[in-house]
Amino acid sequence: ITYNPNLKFIFIYAVLFLVVLLVLYIKHRLTRMPIGRAWEALREDEIACRSLGLNHVLVKLSAFMMGASTAGLAGVFFATYQGFVNPTSFTFFESALILAIVVLGGMGSTIGVVLAAFVLTVAPELLRSFAEYRVLLFGVLMVAMMIWRPRGLVRISRTSFAPRKGVVP
């Protein structure tokens with residue numbers, strides 16, 4: 001295949017879409033494994049996690065390692081897209097946007113965070129006429145979410161074990 005600079009960004013978006021699908025699949029598989037259950041137990045209550053005999057330091061380090069490697073992979077695509085990475089490329093607004101995506105999506109909800117990321121990246125483009133009020137709209141959205149939907153747009157469903165027939169719980 002010959003190199004065409006006009007198709008560079010289409011190729012990056014296609015590969016990025018496949019990588020996001022792969023990361024979501026791996027995340028889905030990991031949350032069903034014992035390490036995923038340990039991450040959830042640590043998130044909910046660290047003292048209870050330690051009392052169950054889990055090494056909370058290793059569980060935290062494994063969660064940090066997975067998050068950092070995913071962020072590094074995203075950074076590779078960002079650097080490829082930008083061509084140059086500088087610390088001034090990231091402003092306070094980007095940090096606030098990421099926090100808003102997590103709060104709007106809900107802690108632990110992958111579908112909610114993906115939906116919130118889509119909404120919060122598309123909404124400013126649709127509301128360009130309110131550009132000077134963008135931060136105010138984010139603040140109002142955060143306060144509204146904290147009051148009416150504190151667990152996010154899409155709540156996570158807890159998987160539980162159903163007792164077998166004939167067995168007393």
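Let me begin by describing the structure that accompanies this report. (Residues numbered from 1 in each chain as written. Predicted model: local features only at pLDDT ≥ 70, side-chain atom pairs only at ≥ 80, totals over all residues. Heavy atoms only, no water.)

Before going further, it helps to spend a moment on the overall build of the protein chain. In terms of helices and strands, the protein chain carries seven helices and zero strands. Listing each helix as α and each strand as β along the protein chain from the N terminus yields α-α-α-α-α-α-α. Computed over C-alpha atoms, the radius of gyration of the protein chain comes to 20 Å, more than 25% over the 15 Å expected from 2.2 N^0.38 for 169 residues, which places it beyond the range of a compact globule. Taken over the C-alpha atoms alone, the protein chain extends approximately 65 × 45 × 35 Å along its principal axes. For the protein chain, the residues scored as buried account for 16% of the 169 residues in total. In the protein chain, of all internal contacts separated by at least 6 residues, the share reaching a separation of at least 24 is 57%. Working note: accessible area of the protein chain is about 13,000 Å², and carbon and sulfur atoms make up 72% of it. Distance between charge centres in the protein chain, computed from 16 positive and 7 negative side chains, equals 11 Å. (Helix = DSSP H or I, 4+ residues; strand = E, 2+ residues; numbered from the N terminus. Rg over C-alpha atoms; globule rule 2.2 N^0.38 Å. Buried < 20%, exposed > 50% of the residue type's maximum accessible area, 1.4 Å probe, protein only. Contact = heavy atoms within 4.5 Å. Areas by Shrake-Rupley, 256 points an atom, 1.4 Å probe, with all protein chains shown as cover. Lys, Arg positive; Asp, Glu negative; His and termini not counted. Charge placed at Lys NZ, Arg CZ, Asp CG, Glu CD.)

This paragraph deals with helix 6 (residues 110-126). For helix 6, which comprises 17 residues, the first-to-last C-alpha distance of 24 Å matches the rise-based estimate of 24 Å (1.5 Å per residue) to within 8%. Along helix 6, the residues classified as buried are G112, A116, L120 and P124. End-on view of helix 6: buried residues confined to an arc of 80°, all on one side of the axis. Exposed side of helix 6, more than 90 degrees from the buried face: I111, F118 and L126 are the residues found there. Tucked into the core, helix 6 has its buried residues touching helix 5 (92-105) and helix 7 (134-148). (Expected span 1.5 Å × (residues − 1). Arc of directions from axis to C-beta.)

If you look at the biggest cluster of nonpolar residues, it comprises ten residues: L97, A100, I101, V103, L104, A116, L120, F138, M142 and M145. Among the elements of the structure, helix 5, helix 6 and helix 7 are those that each provide at least two residues to this core. The greatest single-element share of this core, amounting to five residues, is contributed by helix 5. Those residues in contact with M145, other than ones at most four positions away along the chain, are V103, L104, P150, G152 and L153. (Core = buried A, V, L, I, M, F, W, Y, C linked by side-chain atoms within 4.5 Å.)

Turning our eyes to something else, we now look at the pattern of salt bridges. A full pass over the atoms with the stated rule returns four salt bridges. The salt bridge involving E46 is made with K60; its shortest N-O contact spans 3.4 Å. Here the residue E46 occupies a position in helix 3 (residues 46-51), and K60 occupies one in helix 4 (residues 56-82), the gap between them amounting to 14 residues. The partly exposed category is assigned to E46, whose relative accessible area is 27%. Residue R128 pairs with E125 through a salt bridge whose shortest N-O separation is 2.5 Å. According to the relative accessible area criterion, R128 is exposed, its value standing at 52%. Judged by relative accessible area, E125 falls into the partly exposed class, the value being 46%. (Salt bridge = Lys/Arg side-chain N within 4 Å of Asp/Glu carboxyl O.)

Below, the discussion takes up the packing of helix 5 against helix 7. Across the interface, helix 5 lies against helix 7 with an axial gap of 10 Å and an inter-helix angle of 25°. With respect to helix 7, the element helix 5 is oriented roughly parallel. When the axes of helix 5 and helix 7 are compared, the crossing they make is left-handed. Facing F93, L97, A100, V103 and L104 of helix 5, the residues of helix 7 in contact are R134, V135, F138, L141, M142, M145 and M146. Taken together, the residues of the contact of helix 5 with helix 7 sort by class into eleven nonpolar, no polar and one charged. (Axes fitted to C-alpha atoms, helices over the stretch in contact; angles between N-to-C directions. Parallel < 35°, antiparallel > 145°, perpendicular 65-115°, else oblique. Left-handed = near helix turned anticlockwise from the far one by under 90°. Nonpolar A, V, L, I, M, F, W, Y, C, P; charged D, E, K, R; others polar.)

Turning our attention to the packing of aromatic side chains. Each pair of aromatic rings is reported with the distance of its centres and the angle of its planes. Taken as a whole and assessed by the stated rule, the structure comprises three aromatic pairs. Note on Y13 and Y81: the rings are 6.0 Å apart at their centroids and 50° apart in plane angle, and the pair reads as tilted. One end of the pair, Y13, is in helix 1 (residues 8-32); the other, Y81, is in helix 4, with 68 residues separating them in the sequence. Classification of Y81 as partly exposed rests on a relative accessible area of 38%. Chaining the aromatic ring pairs together yields one cluster made of F9, Y13 and Y81. (Phe/Tyr/Trp six-rings, centres within 6.5 Å; stacked < 30°, edge-to-face > 60°.)

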